[in-house]
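Each chain is listed here by its residues.
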Amino acid sequence: MSRTTTRAPNPDWTDPACPVARTLDLVGDRWSLLVIRDAMDGARSFTEFHRRTGIARNILTDRIRKLTAHGLLAQRTAPSGRRQEYVLTDAGRDLFPVILTLRQWGERHAFAPGETHSTLVDQHGTPVPEIAATSADGTLLDADTTHVRKTR
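Presented here is a report on the structure given in the accompanying data block. (Residues numbered from 1 in each chain as written. Predicted model: local features only at pLDDT ≥ 70, side-chain atom pairs only at ≥ 80, totals over all residues. Heavy atoms only, no water.)

## Structural notes on the overall build of the protein
The line we're drawing: Going along the chain from the N terminus, every DSSP run of H or I of four or more residues is numbered as a helix, and every run of E of two or more is numbered as a strand. For accessible areas, the Shrake-Rupley method is used with a probe of radius 1.4 Å. Any residue's cover is judged against the shown protein chains and nothing else. His residues and chain termini do not enter the charge count, which takes Lys and Arg as positive and Asp and Glu as negative. A charged residue contributes its charge at one atom only: NZ of Lys, CZ of Arg, CG of Asp or CD of Glu.
Within the protein one finds six helices and two strands. For the protein, the α and β elements follow one another from N to C terminus as α-α-α-α-β-β-α-α. Seen through its principal axes, the protein has C-alpha atoms that stretch 55 × 45 × 25 Å. With an accessible surface of roughly 11,000 Å², the protein has 54% of that area assigned to carbon and sulfur atoms. With 21 positive and 18 negative side-chain charges, the protein shows a spacing of 7 Å between the two charge centroids.

Structure (structure tokens):
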């Protein structure tokens, strides 16, 4: 789903006016985000997703179906012509900053000091630097310097 795509209101939205809640309704379970993570890392086939994540086949089938239905993954015929593969759509690729932020939070808070973990690197092999939200004037933003403007 692109930014220009409109969606009919879903009566099952957790909080229809909140972008965070709607996003979590679409990708908020751990398996969906792990499928997106692995697609970003080059997984394409059901077998690859299953091998990388260890998700039960029925749950993986459900998550891939949901991610495809919501426009985050697209199904296409693999170059071999023998099977289907799944690729990120623009909407799926737009989740990169979310995955990156989760990764960096995990590096800071989910590992003991000195505990080894994977590292995200750029195309030159350099570790990706910490990201930080900033305002238009470059000021760092956090929960103390922002607020939600509710719709009426």
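## Quick notes on the pairing of strand β1 (residues 73-77)
Across a regular strand the side chains alternate sides, sitting on one face of the sheet and then on the other. Counted only if it meets this: Strand pairing is assigned whenever DSSP detects at least two bridges linking the two strands.
By the bridge criterion, five bridges tie β1 to strand β2 (residues 84-88) in an arrangement that is antiparallel. Bridge pairing in β2 places Thr77 opposite Gln84.

## What about the packing of helix α2 (residues 30-40) against helix α6 (residues 96-109)?
If you want to describe how two helices pack, look at the angle between their axes and the distance between the axes. Going by this rule: Note on definitions: angles span 0 to 180 degrees between N-to-C directions of axes, and those axes are lines fitted to C-alpha atoms, for helices only across the stretch in contact. Angles are sorted into four bins: roughly parallel if under 35 degrees, roughly antiparallel if over 145, roughly perpendicular if 65 to 115, and oblique for all others. By the convention used here, residues are in contact when the closest approach between their heavy atoms is within 4.5 Å.
α6 packs onto α2 with a crossing angle of 105° between their chain directions and a minimal axis gap of 11 Å. The orientation of α2 with respect to α6, classified from their angle, is roughly perpendicular. The segment α2 lies against α6, with Leu33, Ile36, Arg37 and Met40 engaging Phe96, Ile99 and Leu102.

## A look at the packing of aromatic side chains
The description of an aromatic ring pair uses the distance of the two centres, along with the angle that the planes make with each other. The test is simple: When the centres of two rings from Phe, Tyr and Trp lie within 6.5 Å, Trp using its six-membered ring, the rings pair. Their planes under 30 degrees apart give stacked, over 60 give edge-to-face, and anything left gives tilted. Definition used: whenever NZ (Lys) or CZ (Arg) falls within 6 Å of the ring centre and also within 35 degrees of the ring normal, the charge is taken to sit over that ring.
According to the stated counting rule, one finds zero aromatic pairs in the structure shown. In this structure, Arg30 packs its charged tip against the face of Trp31, placed 4.4 Å from the ring centre.

## Structural notes on the side chain of Arg63
Cut-off, in case you're wondering: Identification of polar contacts relies on pairs of N or O atoms within 3.5 Å, with a donor-acceptor requirement for protein atoms, meaning one able to donate a hydrogen and the other able to accept it, and with residues adjacent in sequence counted only if both atoms are side-chain atoms.
Among the secondary structure elements, Arg63 is positioned in helix α4 (residues 57-69). Within the structure, Arg63 has its side chain in polar contact with the side chain of Asp29 (distance 2.8 Å). Aside from chain neighbours lying at most four places away, what touches Arg63 is Asp29, Trp31 and Ser32.

## Regarding the nonpolar core
Quick reminder of the rule: Buried residues of nine kinds, namely Ala, Val, Leu, Ile, Met, Phe, Trp, Tyr and Cys, make up a nonpolar core once their side-chain atoms join them within 4.5 Å. Accessible area is worked out with a 1.4 Å probe on protein chains only. A residue is then buried under 20% of its type maximum, exposed over 50%, and partly exposed in between.
Core analysis: the biggest nonpolar cluster contains 22 residues, and Val35 and Phe49 have the highest contact counts within it. Secondary-structure elements contributing two or more residues to this core are α1 (19-27), α2, α3 (46-53), α4 and β2. The leading source of residues in this core is α2, at five residues. Excluding anything up to four places from it in sequence, Val35 contacts Phe49, Ile55, Leu60, Ile64, Leu67 and Leu73.

## Concerning α3
The test is simple: As used here, the arc belongs to the directions running from the helix axis to the C-beta atoms.
Within α3 the residues assigned to the buried category are Phe46, Phe49 and Thr53. End-on view of α3: buried residues confined to an arc of 65°, all on one side of the axis. In this structure, the buried residues of α3 make contact with α2, α4 and β2. One or two steps after α3, the chain reaches Gly54, where phi turns positive at roughly 75°.

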